[in-house]
Structures are given as structure tokens and as C-alpha cells.
4 protein chains.
Amino acid sequence: MVLKIGVIGTGAIGQDHIRRITNKLSGGKIVAVTDVNKEQAKAIVETQNLDAKIYDDGHELIKAEEVDAVVVTSWGPTHEEFVLAAIEVGKPVFCEKPLAITAEGCKKIVEAEIATGKSLVQVGYMRRYDTGYRALKNVIESGKIGEPLIVHCAHRNPTVPDTYTGDMAIVDTFIHEIDVLRWLLNDDYVSVQIVAPRKTSNALEHLQDPLIVLLETKQGIRINAEIFVNCQYGYDIQCQVVGETGIANLPEPSSVVLRSEAKLSTEILVDWKDRFIDSYDTELQDWINSTLKGEVNGPTAWDGYVAAVTSDACLEAKESGNIVQISLEKRPEFYNKNLVVVEKI
Amino acid sequence: MVLKIGVIGTGAIGQDHIRRITNKLSGGKIVAVTDVNKEQAKAIVETQNLDAKIYDDGHELIKAEEVDAVVVTSWGPTHEEFVLAAIEVGKPVFCEKPLAITAEGCKKIVEAEIATGKSLVQVGYMRRYDTGYRALKNVIESGKIGEPLIVHCAHRNPTVPDTYTGDMAIVDTFIHEIDVLRWLLNDDYVSVQIVAPRKTSNALEHLQDPLIVLLETKQGIRINAEIFVNCQYGYDIQCQVVGETGIANLPEPSSVVLRSEAKLSTEILVDWKDRFIDSYDTELQDWINSTLKGEVNGPTAWDGYVAAVTSDACLEAKESGNIVQISLEKRPEFYNKNLVVVEKI
Amino acid sequence: MVLKIGVIGTGAIGQDHIRRITNKLSGGKIVAVTDVNKEQAKAIVETQNLDAKIYDDGHELIKAEEVDAVVVTSWGPTHEEFVLAAIEVGKPVFCEKPLAITAEGCKKIVEAEIATGKSLVQVGYMRRYDTGYRALKNVIESGKIGEPLIVHCAHRNPTVPDTYTGDMAIVDTFIHEIDVLRWLLNDDYVSVQIVAPRKTSNALEHLQDPLIVLLETKQGIRINAEIFVNCQYGYDIQCQVVGETGIANLPEPSSVVLRSEAKLSTEILVDWKDRFIDSYDTELQDWINSTLKGEVNGPTAWDGYVAAVTSDACLEAKESGNIVQISLEKRPEFYNKNLVVVEKI
Amino acid sequence: MVLKIGVIGTGAIGQDHIRRITNKLSGGKIVAVTDVNKEQAKAIVETQNLDAKIYDDGHELIKAEEVDAVVVTSWGPTHEEFVLAAIEVGKPVFCEKPLAITAEGCKKIVEAEIATGKSLVQVGYMRRYDTGYRALKNVIESGKIGEPLIVHCAHRNPTVPDTYTGDMAIVDTFIHEIDVLRWLLNDDYVSVQIVAPRKTSNALEHLQDPLIVLLETKQGIRINAEIFVNCQYGYDIQCQVVGETGIANLPEPSSVVLRSEAKLSTEILVDWKDRFIDSYDTELQDWINSTLKGEVNGPTAWDGYVAAVTSDACLEAKESGNIVQISLEKRPEFYNKNLVVVEKI
Ligand SMILES: [Mg+2]
Ligand SMILES: [Mg+2]
Ligand SMILES: [Mg+2]
Ligand SMILES: [Mg+2]
């Protein structure tokens, strides 16, 4: 059984997903593509030798008969309309983050999905598929460290481009922690405070970098998160969970141990793509497999909505310096399924 | 383009390969299976929902029109005849180790393959596809540690079953080091000596365990290899390359770092299957991809032959306690292609 | 040249100092001791075979002609009067923490010392003598990580006795970080906020444990400090300094690396005495050496005063949940000497 | 009680010992010195402000009434005569390695010491006093890794001077492993084989470097030792003990963990003096303490003799390429005392 997939948006991430579905994963086939830049859409069809139709527009693609399921990798502000359109025709949709650029937009998607009575939407928060985070979650759930009390974490990039704005520290960078930490802890956030340390001289003038985000969860867990996007030395994602009886750290990526020039060293990655490349594979394979079974295993529309609400609160906390409350509606019954861990073959 | 694959032998490893080709990898399809135990062959076809014909016999399967390429995962002593049969009909064949149970058998395969003028045979030494060994090879080839002078390595299993014989320490266990180290070093062996340390009390009476194997290469590199198959504590594969200016170690598998009960610890695997599971995926995907292009990227029939000759010398060294010379014929021009590293998608 | 030392207070820490001065260090001799428990004072003189006079009272001991310098290891609330008495007679004094139990008391000592025009007082903050903290300070000052921006640190004890009160988390436990971090960063604190994570079920009912202390320094460095005195797993002191171009961590104590029972592990200490035992030796040796030269290398009375003021602010922040300002007077010129690092012999 | 010490030989190591006894350790006092270079002897007396007499000759110094005990740090070939002279007058003597430059010389010392009936001689193998080796010995003796079966070890120097000869790889470098490993394992050697890997291009022409030494012990433990004195990258002492149920590694020296320039690194020492500097302190303090009690805790004359015999066999094995037997006489009853571990104060 093969899942026939239409891809809306053939930029960098869209092309990556097309390549992995075509050359590396099992059970999916690209049958339709579209992009505002039609030449780009054509190019990927040709270079990957795809047996795929090129559509003028995402809405046509979504309605096309040969399309079983949709991947939305277009420009962020267009996500909402394409996801809603896919829901309308009852087709499963994998949408890269953000699900929508406003919490209201996410809410609309949640309501539309619930109205169909079918699980249709998965959001592309790939960290949940990282073997490191999964191992960490397993350790927490094994009880080896007792109940979690504190999380110390850090999201560090070597540098960011000039186009990186202060808000992107939250909506592009920290958004990954927002999603993965509540999944890791099976919890939600209730408040956030953001403090600004001395600014690094390596950041552009307009950018306060680093930041410290202090999140509080429903269970009272405190999260200390460092965001530092000009740290120079590497792309480094750290996560330490302090439990009642022990402490667990996200694994460092595996690396050759070198003794050289008076140093015992391992490599730190510098490119974020290398860090989660395997997660993207696992994520998409899991999406294909679960979609073929009519299920959604990964981050749901509800998770996309929670990320949006939390991210809005973070932006306010950053602006005001105050402790900002994070109020979520009750999670709809519809989303009360446990995450099914991807089975090993 | 899909590679239509016939599988001879549906025991544990055969079933694993069928499952990964069917559910996890791209570009391959199981179209035919056979096993001396026909019920077992039927069972895998049913449970995996394969669109595959069940053959009475490997030779029939090899000749079957719908079969593009063959995977040999039958009982070791039958490998030689099936590989030769595949070569005879000019079909690519992936053969689990050993290629043949004698050096002479391997030699016959080498000659048959050369006679066809086509690269057809890949042997299932999966360690070459391990990301750790690949990273180690990259470090060596980068010049970061200078020319290799010494290798310290260890192959440790927690325990072995009662059926494990003294020779299996070489032909089942150490055979992986034999293949991967000459690939790692771009070198061949010229002599071997084996010494027996004090025997562990945890080994069965008939078994000398551990062993130390001392290999010398053409370039004069000295390899100290520990084989310890009752080490109790885990499945642990170590490899340290001492170069002129630095030293590089095979990465430890990535693991959560735990602070608990007065210990700072990471996990050591206990099951060998967990250690190289990803290598099997990469190996088979690479075999499918290169076979579709008419190439062999992985270990060749020649590599299978060298492993057999080296393994015979190790057995003699183990028996005699002497330094045993390892004489290889000159590598045929046919096999002088470089290993092409699997591209990242 | 030998420094003739009188010790006031022969409890556990007093006895330790007597033993190290007598049996392990060079240049010091215990010539006088006193304690409210005279039997205890006698006992240490006898068991250590000291050639030392036993005094009825600290003030007599301070005035005794044969006493060159005084070590104050009596009950905390008595420190102030003994240190003042030593200053009055112009004798160097090493006082275990706290210098006085109020900031006012410390201030009085500072003023008395300045009035004499001689450096006389060293306070027993031994972490500055730890080889780990010294190595960390060297790395910071080498410029290898650029200017410090953030410090993540943790002070974890396995358990605390029933007598441990909420305030002790600051005045007994965190006081060490208060002293060592401003020394490490060459900085002072301007504000503090304390937040309370979910309480561990392993703490006594009256005790909020863990705590997170957020300190801000004059230079704008932000310190995230975890205090967790019932962490169960060990005595664990962590300190990570995030700089503009790199990050440096306090070394883990050196330990045998063990592969055993499916774990790769090193030991975590459980007894705080083991962690800083060498620091006490170095501290006292440095005090003897510098005292013989008429200098004070270690923490001064001013450092004792700053610790007291900061600790008061922490207590208020803990009580109120507010951000509390920390106001220090300008450091007197008298104390503007750099810390002289203990020379290696 | 103070041990009055005479030092024969005021070269680098002699001066170091004088400084540590004078400024850092407890219970010893330098009262006499001598050196073939009298100006050098004078210089150290002056710069260290010693209350010490300068003798024309080691024999005079040994006999001097004010000298309780002797430290021999003169040129190696003179050690034997001075140690014998000290034994003759019944004075305890600490002799830097080698005890004598021939096994026969060592034997003579052993016999002379036994004849006095008093333990008088300690040899300066300081590694037994290293906290790392002690921790490793504790782990072995705790039973945590079961009975030792194999030792993998390495002695690596960044470079050696032009004056370094092939034999020095054994008598100056590997001699430390020879002593410390038999102490670690409570065992003696029975045979040795030495193999020569490809020579590093960084060694001087006359020098075969690296070497691999294969030692066999009475208990059947096999030791694989790498000697590599031009390894470029650092001074690196490795020791891994493979036991029946687990494996223990000598701790790496404690170091700041740095994240910088895409590397997670710790420092490797480059100067051998830094590696064992604390061991020298502990060694000498223990010698002072035990000498004051009339005991010898450290390496004995017998240990010096065994080192000499083993070292001779290594030289023969290196020359011949053969497996060379190591025959020791039975250990005299006189030396059957257990090593008393230095107590913590
Ligand atoms: Mg994503
Ligand atoms: Mg294989
Ligand atoms: Mg103290
Ligand atoms: Mg020595």
C-alpha cells in the first residue's frame, strides 16, 4: 500500500521532504507538487525523476483525485488556508511549523478537525522524533529519576543572519523547546518570565542575545531555558531534567573521540540540519505509516495551537519583562490520545 | 525504479532484511522468497503482506524472471552455491557473511565474477556502514591523526550460548574486525599471533576466553585486538587508532547521561542487534541504490575472500601459538575501485 | 620560620584544621587551643601529641604571647567578638564562615581592620582554593570563552538532617556560591530573585526544596543557581560559565571509569567533605605562607561582609518572591588588591 | 617529632624534594646537602634559606650525626653505593629510581637490608602514590570487576630529546609501568615479548618508536603496553584493567570542560611533571611519616630489584624479538608485608 502525496511548497524543506520520501523512506510516493515559483516545482520533478503532476495552486492540488495526503511546506502565512482546505476534503495533512501564524488560526484548524471527527493534521515538530529526546523521555517515564522538578536547557546557534529579528528568538528558535518540553514532561505551561543577561558583542545591534526564559508548568516544574543564537562555537541543544532522585541529560550527538594537540575532544555540530536530520526521516516515515492506518501519531493541531499560545505569551514576557500567565482552554477530548511511539521494524 | 528482490533463507536475518526492505527502505520490493522450511517462508509472506512468490528452491528463485536481484540469507554452507548460481545468470547478489565457508569457495566466486566482467556480489559486512566507523575513517583520512601506527580494539559480548565453539571466536565474532579494520586502514594483513590470557571463570569449560589477537599489516601497523565473549557487562565494540600525531576512538553509542545513585553514567548496550541496527538499514539501502545503478559499493567478493584467508590464518595461530603468515594473491584489477561513501539525501 | 597558631573552637572543623596543620602542612604549629568544652580541647591536644597550652577562653588565647596568629572555628555567633579581639591586638586571624552572623557585625570588623592599616583577616571560604574552580577561573581569564554572560550552577546535597531549616539553604549552603561566583567573575551582585519549583517528596515538610536563585551582577551577568539539598544521588557541585565565544564547566572530580553491569560510569561523591578536602589543605597552607609574609591572599573581611549582605537579600527574596536589590557600599581602597594565586612549589 | 634529612644530589629532582619537604610537607627538615657541583648545593641552601650543612661528599653526609635519614637524588650510577652506605650505618634511605643500574647491584642492596633486619630502603616509584592509580587499585580490590585478566596500557610522551636512546624507552620510560602494574595487580612477570609497529616519522632516526610490550604475569594476566615517546599530542598515561565482570580505567586528570570552536574538549597535559606532581608530595610525606615510625610503606629494595630484572628482560626482548622468560628468585619473607595505604588526615 502506497500513500500518494501532494507537496505544496518546493523550497528547501519541501525539496528535502520530497527527496526523503522518494529515495529513503518506504510507503510514500510524490504524485503532485506545486509552488508559487513554478520553475522550482518543475525542477524538483525533473531532477528527482518524479512521476508527479505539477499544479498551479495548492487548492487544486488538495482537491486532485490522485492525492491521498498533503504535505504543506509553503510560506508560513499560507499554512492555515491549505490545512483548512485539506481538512475540508477530509485528506490527511502534514504541515511544517507553524500550523498558523496566530493562535486564532490554529484554533480554527482545531475546530475544523474536531468537526470532521477524524484525525487529519500533523505538525512538523520533528524533535519528538529525535532518538536523543526519545531516550530522555524513556528515562523519565521509567521512573529512574523520580518526578521531574526542574529542567535546565539551552538552544544555541553559532550565528544568525542579519534578517533574524528579536521575535524570531521565540517563534523560530525557542518554539522547538516549547513543543518538545511539554511533550517530554506530559505537561503544559502556566507562566513565563524572560530576563536579559549582558548582551554578547557578537550579536547585531538590534538583537538582545542571549535570553533566559523561565517557564512554569501546571505541575510546578520550573524550566530555565537559555536562548543564545550567536554563541559562536556551535549548534548545541542541551536539556537536563532534574528529578526527585536523579538527573538525566539529553545525549550529546555521537562523535569520534580525538586526542590531539593537547586536547581530548569530541566534535560539536555547527549546522542545525545535521543535528536533527535523522528525526526528519523518522518523522516522515511515521507520518506515512500512521496516515496509511488512518491515525496521527505525531504533534497534533492541538499541539500547534498550544505552541502558538505559549509563543504569544513569551513575546509579551520578552517585551514587558513581567511574569505573563499562559491560559489554555481545556484540551478537547478529541486529542486525548497518547503518543504512540514509532515501532522499530 | 524498483529493484525486485528474491530472498533465499527466511530465518531471523532473512526476515529482518525482508521487513526493512518492505517497511523502511526505498526502492526495493520483495517478489520472491524461499526457505528449506517452507512454512517459515509462507509465514513471512503472510505477516508482511508481501506480493511475493514462494519458491521450492533457491536455484529456481534465482532463475525466476521477476527476480532482478538476490539476497542470500540461508545457512552458511549453502552461500557459495547460491552466489555462484546468481553470478551464472548475471544477477546481482547480496550475501550474508560468510561468502563461502572456505577460502577456496570464495576464490571460485571471485573468479566467476571477474569472468562475467560485471560487479555483482556484495557481502554483508555491515560495520562499514556504521556511522561510527565511517566517522572514524573520515578522521583518519582527514590527516588529523597522521599516519596510523597502532590499533587497539576489543570485541566484547556479555555471554555466548553453549553451542559457541572456540573457532567461532574467529569465524563468527572476530570476522567483523577482520573486515572492518582493513577497510578502515586501507591495508591488508601479513601475519597474526594469538595469545591466551588467564581464562575467565564465566566461560564454559571448553572455551578459552578472552583472547588477544596481534595482527600486522603490510604497512606495518600493529593491531592489538581483544576478543572477550563472556565479559558479562555488555556488548561493547571498541576501536582506537593511534596515529603519528593523534589518536581517534570509535564513538560510544549515544546515550542519556544519568546522575543517579552516586554514579554519573551512560548505558552500555547488551544486545548486539541494537548496536548495528542502523548499519543494516544503511547497508541494504546502499545495496538497493547501487544495484539499481549497476554498481557494488559495499564489501566485494574479494573482501569476502580476504576475510576467509585471514580467518584461516587466525585459526591456525590460535591452535599453534605461533606467528602465522597471511599470504594473499595480488588484488585483481577488477576490484580496484574505491568504496563510494553512501550519499546523504 | 614557623607560625605559632592558637585555635579557638575544637569541634569537627577545628580538629580537622589542627590535624592538617600538624601532620600535613608546612610552617605552622599549634601552640594554643581553647573550647567551651574543655575536655574536647584536652583530647585533641593529647591524641595529636600537641605541644600546646589549653586556655580557658578565646580572649585569653588571643592575647597569649606565644600566639602569633589565631584560627577561629568556634560556634558561628561567637566569630565576631574573637575576630575583633584579634584585630585589637594586631594578630592575623583565620575565621571560618560566617565572619559574623549579621552584615553589621561584618561591617564592624571591616572598619576595625581598616583602622589598623594592616591586612589581618581571612575568611574560610575554601572553594577559592579548589583546583577545579581555579582552573575554571584561569580559563575565563585566558579569554578562551570571551566575556562571561551567564552562569548556570547547582549545589546539590544527597540529604540534610532534620535540623536543617529553610534559611540554611541560603546561609549554610548557597553562601559558598555567593562567595565563589563573585570571585570567579570579578563582579558583585545587584539583585536577586528566588523561585520555588515543585517540591521534592524527599524533603521534610517544612522545607521548600529545590530552589532556583536568579542573581544579576553589576556587569549584567545572569546567574541561574539551583539549590537542591535532598537530591538523593550525591553531593554534586556544578558550575557552567557561558561566555561570548565558548562555555566552560567546572571539572568533575577525577574518578575511575567503570564498565560494569551495562553501564559506563564514574563515581559521584556523596560526602561533601571529600569534595573540598584538598581545598582546605591548600587554603590553610596559603594562609600560613601569606601570614608569615604579613599578607592576606584569601577571602578578606570585605568578602565576608559582601557575603552577609547578599545572603540577607537572598533571604528576603526567598520570603517575598520579589526581585530584591542588593546594595553595597563602595569597596574600600584598602581591599583593592588582587587575589594572589597560590604558587606551586 | 621532626625527621632530619640529608640530601645527596641537588639537581632538578633533588631541589624539588628539598622544596617540598621545606615548604609544603610536614615533619621533615633538610639538615644536610651535598652535590658533585658544590655551587649548586650552596645555591639551594641559600635560596631556600635552609638551616643545613653542606658536605663535600655523600658518604660524609650519610655518617653525619645530625642526619636521621637520607634522600639519594644523585646520578643514577652512584645510587647503589650511597644506599649501601646508608644501610651500613642503619639509616633509612629514600632512593630515586633506579635503585641500582644492574639487577646484581639491587640484589646486593636487598641482601644488605635483610642482613640488618630493619626496613630501611624506599625506592622513588611515585606512581603508587598517584590518587588515580590508588583509586584503580581500590576498584580492583573491591571485586567490582572480578579477577583481572588483561591490562591495556599506554605511556605516551609528546617528544623526547636527542639524547634519548632506544634503551631509555625501557629503563627510563616503561620502568614506571613495570613497577606500578605489578603493584596494581599484586603479581609478578614471567615473560615478555616486544613488537615494533611502523615507526613514526616524528622519531629520530635511531629510535624505534612506538613499541608494544606484551607481558605475561604469574597469574596469567596479559599486559598490552604501548610505549610512544613522540606522540606529539601530549603526556598521556593510560591504564585499563579488564576483569571477569567489568573494566576499570585509570581516571583522566581532572580538567575544565570547554565548548569552543566546534569542539567539546578537556585538556591533555603536555609536561610529565604536572601529571604526577601530587604523587611526589604524597610519596615524600608518606616516607617521612613511615620513617618516623620505623617502617617502609612504599616500594622496597625488593621492588627495585624486580624492576631491574624485568627491565633487563625487556631489553633482551626488544633486541631479539623473542619471547624472553623473566625469572625471579622467591620473594624473601622479609618483604612479605602488605603495602600500607597512606591514611587521610
Ligand atoms: Mg519540523
Ligand atoms: Mg552482516
Ligand atoms: Mg570553609
Ligand atoms: Mg620517582
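The shown structure was predicted, so the numbers you read here are calculated from the model rather than taken from an experiment.

1. Details of the interface of chain D and chain A
- At the junction of the two partners, chain D supplies 16 residues and chain A supplies 16 residues.
- When chain D packs against chain A, the two sides together hide about 1300 Å² of surface, and 54% of this comes from carbon and sulfur.
- The largest per-residue losses of area from chain D upon contact with chain A belong to Arg259, Ala262 and Leu264 of chain D, which jointly make up 42% of the total buried on that side.
- At the junction of chain D with chain A, the criterion picks out 4 salt bridges.
- One salt bridge in this structure joins Asp236 of chain D and Arg259 of chain A, with 2.9 Å as the shortest N-O distance.
- At the boundary of chain D and chain A, one finds 10 residue pairs in polar contact (both at pLDDT 80 or more).
- Secondary-structure elements contributing two or more residues to the side of chain D that touches chain A are strand 11 (236-243), strand 13 (257-260) and strand 14 (263-267) of chain D.
- Among the elements that take part in the side of chain D that touches chain A, strand 14 of chain D stands out by supplying 5 residues, more than any other.
- Partitioning the side of chain D that touches chain A into residue classes produces 5 nonpolar, 4 polar and 7 charged.

2. Brief notes about the domain arrangement of chain A
Residue and element names in this part refer to chain A.
- Taken as a whole, chain A is organised into domain 1 (3-127 + 278-300) and domain 2 (132-271 + 306-325).
- If you average the C-alpha positions of domain 1 and of domain 2, the two centres end up 28 Å apart.
- On the side of domain 2, 14 residues touch domain 1, which itself brings 8 residues to the contact.
- Area buried by domain 1 at its contact with domain 2 is led by Lys97, Tyr125 and Arg127, which between them contribute 74% of it.
- Linking domain 1 with domain 2 are 1 salt bridge.

3. So, the relation of the copies chain D and chain A
- When chain D is fitted to chain A, the best match, at an RMSD of 0.1 Å, comes from turning it 180° and sliding it 0.0 Å along the axis. Taken together, the rotation and translation describe the operation of a two-fold axis. For chain D, the residue whose C-alpha comes nearest the rotation axis is Ser265 of chain D, separated from it by 2.1 Å.

4. Things to note about the interface of chain D and chain B
- Taken together, the contact between chain D and chain B spans 37 residues of the former and 36 residues of the latter.
- When the two sides are added together, the surface that chain D and chain B hide from each other amounts to roughly 2700 Å², 54% of it contributed by carbon and sulfur.
- The largest per-residue losses of area from chain D upon contact with chain B belong to Arg198, Arg222 and Glu244 of chain D, which jointly make up 25% of the total buried on that side.
- Our enumeration of links across chain D and chain B arrives at 2 salt bridges.
- Between Arg198 of chain B and Glu147 of chain D there is a salt bridge, with its nearest N and O atoms 3.5 Å apart.
- Viewed at the interface, chain B and chain D are joined by 15 residue pairs in polar contact (both at pLDDT 80 or more).
- Mapped onto the side of chain D that touches chain B, the elements with two or more residues apiece are strand 7 (148-156), strand 8 (189-195), strand 9 (211-217), strand 10 (222-228), strand 11 and strand 12 (246-249) of chain D.

5. Description of the sheet that holds strand 3 (residues 53-55) of chain C
Residues and elements named next belong to chain C.
- Ordered by their spatial adjacency, 6 strands build an open sheet running 3-2-1-4-5-6, and the pairing between neighbours is parallel. In this open sheet, the two strands that pair with only one neighbour each are strand 3 and strand 6 (121-123). When strand polarity is set aside, the average angle formed by the axes of neighbouring strands in this sheet is 25°.

6. Details of the pairing of strand 7 of chain D
Residue and element names in this part refer to chain D.
- Most of strand 7 sits out of view: 9 of its 9 residues are buried.
- In this structure, strand 7 lies alongside strand 11, joined through 8 bridges in antiparallel fashion. Note on strand 11: the bridge partner recorded for His155 is Ile237.
- Sheet topology note: the strand 7/strand 10 ladder contains 7 bridges and is parallel. Across the sheet, residue Ala154 finds its bridge partner in strand 10, namely Glu226.

7. Describing the UniProt feature "domain: Gfo/Idh/MocA-like oxidoreductase N-terminal" (unreviewed entry) in chain A
- Here the UniProt-annotated "domain: Gfo/Idh/MocA-like oxidoreductase N-terminal" (unreviewed entry) positions come out as residues 3-125 of chain A.
- What you have in residues 3-125 of chain A is 42% helix and 21% strand, and the ends, taken at the C-alpha atoms, are 21 Å apart.

8. Focus: helix 6 (residues 131-142) of chain A
- Here helix 6 of chain A is 12 residues long and its end C-alpha atoms lie 16 Å apart, about the 16 Å a rise of 1.5 Å per residue gives.
- When we look at burial in helix 6 of chain A, the residues that qualify are Gly132, Tyr133, Arg134, Leu136, Lys137, Val139 and Ile140 of chain A.
- Each element contacted by the buried residues of helix 6 of chain A is listed here: strand 7 (148-156), helix 7 (168-185), strand 11 (236-243), strand 12 (246-249) and helix 8 (272-292) of chain A together with strand 13 (257-260) of chain B.
- The backbone nitrogen of Gly132 of chain A lies 3.1 Å from a side-chain oxygen of the residue at the head of helix 6 of chain A, namely Asp130 of chain A.
- Trailing helix 6 of chain A by a residue or two, Gly143 of chain A shows a phi angle of about 85°, which is positive.

9. Some thoughts on the UniProt feature "domain: Gfo/Idh/MocA-like oxidoreductase C-terminal" (unreviewed entry) in chain A
- Following the UniProt record, one finds the feature "domain: Gfo/Idh/MocA-like oxidoreductase C-terminal" (unreviewed entry) at residues 137-325 of chain A.
- Secondary structure content for residues 137-325 of chain A is 34% helix and 28% strand, and the end C-alpha separation is 26 Å.

10. Brief notes about the packing of aromatic side chains
Residue and element names in this part refer to chain B.
- All chains considered together, the criterion is met by 16 aromatic pairs over all chains.
- Ring centres of Trp302 and Tyr305 lie 4.9 Å apart, and the angle between their planes is 45°; this geometry places the pair in the tilted category. Taken as a pair, Trp302 and Tyr305 lie in helix 9 (residues 301-320) at a separation of 3 residues, close to a single helical turn.
- Judged by relative accessible area, which is 2%, Trp302 ranks as buried.

11. Describing the relation of the copies chain D and chain B
- For the match of chain D to chain B, the screw axis carries a shift of 0.0 Å, the RMSD comes to 0.0 Å, and the turn is 180°.
- A symmetric contact is evident, with 97% of the interface residues of chain D recurring at the interface of chain B.

12. Details of the confidence of the model for chain A
- When pLDDT is averaged across chain A, the result is 95; 97% of the residues are at 70 or more.
- This model gives residues 338-345 of chain A a pLDDT under 50, and the stretch forms 16 contacts once residues within four places in sequence are excluded.

13. Things to note about the packing of helix 1 (residues 12-23) of chain C against helix 9 (residues 277-292) of chain C
Residues and elements named next belong to chain C.
- Running from N to C, helix 1 and helix 9 point in directions that differ by 65°, and their axes come no closer than 10 Å. Taken as axis vectors, helix 1 and helix 9 run roughly perpendicular relative to one another. Like other packed secondary-structure pairs, helix 1 and helix 9 cross with a definite hand, here right-handed. On helix 9, the residues that touch Ile13, His17, Arg20 and Ile21 of helix 1 are Ile277, Tyr280, Asp281, Glu283, Leu284 and Ile288.

14. Here we look at empty space enclosed by the protein
Residues and elements named next belong to chain D.
- Within this structure, the stated rule accounts for 7 cavities of 30 Å³ or more.
- Along the wall of the largest cavity there are 14 residues; nearest its centre are Tyr235, Asp236, Gln238, Glu252 and Pro253.
- Sorting elements by how many residues they give to the lining of the largest cavity places strand 11 first, with 4 residues.
- Grouping the constituent residues of the lining of the largest cavity by class yields 9 nonpolar, 1 polar and 4 charged.

15. Some remarks on the sheet that holds strand 6 (residues 121-123) of chain D
All names here are of chain D.
- Pairing is parallel in the open sheet, where 6 strands are placed in the order 3-2-1-4-5-6. Edge strands, defined here as strands with exactly one partner in the open sheet, are strand 3 (53-55) and strand 6. The sheet shows a mean angle of 25° between the axes of neighbouring strands, taken without regard to direction.
- Relative to strand 2 (residues 28-34), strand 1 (residues 3-8) runs parallel, the two being bridged by 6 bridges. Bridging across to strand 2, Ile8 finds its partner in Thr34.
- Docked against the sheet, helix 4 (residues 79-88) engages strand 1, strand 4 (69-72), strand 5 (93-95) and strand 6, running at close to 165° with respect to strand 5.
- On top of the sheet, helix 8 (residues 272-292) reaches strand 1, strand 2, strand 4, strand 5 and strand 6; it is set at about 125° to strand 1, its chief contact.

Basis of the calculations
Residues numbered from 1 in each chain as written. Chains lettered and ligands numbered in written order. Predicted model: local features only at pLDDT ≥ 70, side-chain atom pairs only at ≥ 80, totals over all residues. Heavy atoms only, no water. Contact = heavy atoms within 4.5 Å. Buried area = accessible area lost by both parts, 1.4 Å probe. Salt bridge = Lys/Arg side-chain N within 4 Å of Asp/Glu carboxyl O. Polar contact = N/O pair within 3.5 Å; in protein donor to acceptor, adjacent residues only side chain to side chain. Helix = DSSP H or I, 4+ residues; strand = E, 2+ residues; numbered from the N terminus. Nonpolar A, V, L, I, M, F, W, Y, C, P; charged D, E, K, R; others polar. Domains from an automatic or database assignment. Least-squares fit on C-alpha atoms with pLDDT ≥ 70 in both. Pairing = 2+ DSSP bridges. Axes fitted to C-alpha atoms, helices over the stretch in contact; angles between N-to-C directions. Buried < 20%, exposed > 50% of the residue type's maximum accessible area, 1.4 Å probe, protein only. UniProt positions renumbered as here; feature names shortened; annotations may be inferred. Expected span 1.5 Å × (residues − 1). Phe/Tyr/Trp six-rings, centres within 6.5 Å; stacked < 30°, edge-to-face > 60°. pLDDT = per-residue confidence, 0-100. Parallel < 35°, antiparallel > 145°, perpendicular 65-115°, else oblique. Left-handed = near helix turned anticlockwise from the far one by under 90°. 1 Å grid on protein atoms, 1.4 Å probe; cavity = no way out; pocket = protein on both sides within 12 Å on 5 of 7 lines; lining within 4 Å. Points joined across faces, edges and corners; volume = space filled by probe spheres on them.

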